[in-house]
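# Architecture and fold: a report
What follows is each chain in one-letter form.
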Amino acid sequence: METIQKITNLKTPFSLELAQELLQIYGSPLYVYDGDILRQTISQISKAISYPRTQFHFASVTNGNIALLKIFKNAGWGLHANTPGDIYLGLNAGFEPQDIVYSGSNLNRGEMEQVLNWGVKTLNLDSISQLRLLCDVLLSHAKEDLNIGLRLNVSEDSRIGVSLADFDEAISIAKDAGLKISGLHFYRGTGTNATSAFTDVIDWVLETAQKLPDWQYLDFGGGFGYPYHHQGAAFDWEMFGDELSKRISKLGKNIDLIIEPGRSAIAGCATMLAKVVSVKWQGEKQVVGVDSTVANISVPAVHSGYREVVTWKNSTARSYMTDICGNTTYSRDYLGKNCQLPALEIGDIIAILDVGAYGYAMSSHFLHRPKPAEVLLENCTHRLIRRREDYSVLLNNQI
């Protein structure tokens, strides 16, 4: 474990000296997470909702690193799982089964049995078919203490959820199996920065939930966005929390509220460092090659293809339109396009900001490059939390 000196900088995430030290010790490219920033974000979100029966569950689909999951656990959050893999990681991070909420889609029978065998008690189901499967599986499992909810279909264009027209059938299926539908799960859609997209539907969601005769909890999602354009609109947690708290409190009923932040909680705490290995010019445009690849960060569909890219070069120097290109010949291997950066040289370091969500979690071996290491900064130290892969990983499980 190495000692570091933390500094405040409006553009770069930490000092050039620290960036150089990290790359010297752990190699390049490198994921770097700031645990202090993560804890600050967790605290801010937690304080935004005053309703006393609120539980926060981190959506680990955005990042499954065990060391980071433990930070959420130690902050008193539970875990939101989209898949059995999310549950497996959560259990290994120390979460109790009852602190994990499953809200997923299209489990097969073996997976449904596995979720129950792990002891998960709250399941928000995506379809009548999944409800029937659960009821069938429960013929050979204990039914005690299970909380069963329905994921609400918000529009005909969404593949997620059960429509209001199917609620009566779902209630009847559950009743025949000796179960109750006690929860409603609302999912707005991934990466929504418009606060009004959530506040405008609160009354509708609450009205819909009250159509469930045994309603006991509301899971208000998921889908909270993050401002990758730092000057753009950001989700207003305080406004959302105030509106939601006031309206639930007026129900006159003790409803448990579950909130599942993912991207909004973890995106901003992480940076990916890479080194410049090539520079060429196309007229006035700078084309910079780095020792990383687009396969090391999330797919463009998740963040609209945009990330802030910064460098430690003199900020007063002239800037140029710059493309940041990966170390493959794949024609779309861009880590940044049309960035305004100073003239760079081989050996310079760039920082791609806000990669904490859907970064390493969606990285892949496409282009046959091993994945980077991950490092955590906290309490003025840095430590390795995931080893760098080598080429042997490409042969794993091959026969």
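Report on the accompanying structure.

The rules behind each value
Residues numbered from 1 in each chain as written. Predicted model: local features only at pLDDT ≥ 70, side-chain atom pairs only at ≥ 80, totals over all residues. Heavy atoms only, no water. Helix = DSSP H or I, 4+ residues; strand = E, 2+ residues; numbered from the N terminus. Rg over C-alpha atoms; globule rule 2.2 N^0.38 Å. Buried < 20%, exposed > 50% of the residue type's maximum accessible area, 1.4 Å probe, protein only. Areas by Shrake-Rupley, 256 points an atom, 1.4 Å probe, with all protein chains shown as cover. Lys, Arg positive; Asp, Glu negative; His and termini not counted. Charge placed at Lys NZ, Arg CZ, Asp CG, Glu CD. Pairing = 2+ DSSP bridges. Axes fitted to C-alpha atoms, helices over the stretch in contact; angles between N-to-C directions. Salt bridge = Lys/Arg side-chain N within 4 Å of Asp/Glu carboxyl O. 1 Å grid on protein atoms, 1.4 Å probe; cavity = no way out; pocket = protein on both sides within 12 Å on 5 of 7 lines; lining within 4 Å. Points joined across faces, edges and corners; volume = space filled by probe spheres on them. Phe/Tyr/Trp six-rings, centres within 6.5 Å; stacked < 30°, edge-to-face > 60°.

### Notes on the overall build of the protein chain
Of the regular secondary structure elements, the protein chain holds twelve helices and 18 strands. Against the compact-globule benchmark of 21 Å for 399 residues, the protein chain has a radius of gyration of 23 Å, which places it among compact chains. Taken over the C-alpha atoms alone, the protein chain extends approximately 70 × 55 × 40 Å along its principal axes. Burial statistics for the protein chain: of 399 residues in total, 52% are counted as buried. Accessible surface, the protein chain: about 18500 Å² in total, of which carbon and sulfur atoms supply 47%. Computed over 36 positive and 43 negative side-chain charges, the separation of the two mean positions in the protein chain equals 2 Å.

### Quick notes on the sheet that holds strand S7 (residues 147-151)
Read around the closed barrel, eight strands run S3-S4-S5-S6-S7-S8-S9-S10, paired in parallel fashion. Sheet twist, expressed as the mean angle between neighbouring strand axes with direction ignored, is 25°. Relative to strand S5 (residues 100-103), strand S4 (residues 78-81) is paired through three bridges, and the arrangement is parallel. Opposite Leu79, over in S5, you have Ile100 as the bridge partner.

### Side note on the pattern of salt bridges
Scanning the model with the defined rule gives 14 salt bridges in all. Asp242 serves as the salt-bridge partner of Lys246, at 3.6 Å between the closest nitrogen and oxygen. Taken as a pair, Lys246 and Asp242 lie in helix H10 (residues 237-249) at a separation of four residues, close to a single helical turn. Take Lys246: its relative accessible area is 41%, and that puts it in the partly exposed class. Since its relative accessible area comes to 40%, Asp242 is described here as partly exposed.

### Re the layout of surface pockets
If you add up the space inside the second largest pocket, you get close to 490 Å³. If you go around the second largest pocket, you meet 26 residues; those closest to its centre are Val61, Asn82, Arg151, Tyr187 and Tyr358.

### So, the packing of aromatic side chains
Applying the stated rule across the entire model yields 22 aromatic pairs. Taking 3.9 Å as the distance between ring centres and 10° as the angle between the ring planes, the aromatic pair formed by Phe58 and Phe72 counts as stacked. Here Phe58 is found in strand S3 (residues 54-59), whereas its partner Phe72 is found in helix H3 (residues 66-74), with 14 residues between them in sequence. For Phe58, a relative accessible area of 0% gives the class buried. By the ring-pair criterion, three or more aromatic residues cluster together here, those being Phe186, Phe198, Phe220, Phe224, Phe235, Trp237 and Phe240.

### Considering the pairing of strand S18 (residues 381-386)
Looking at chain direction, strand S17 (residues 373-378) and S18 are connected through five bridges and run antiparallel. Looking at the pairing, Glu378 lines up with Thr381 of S18.

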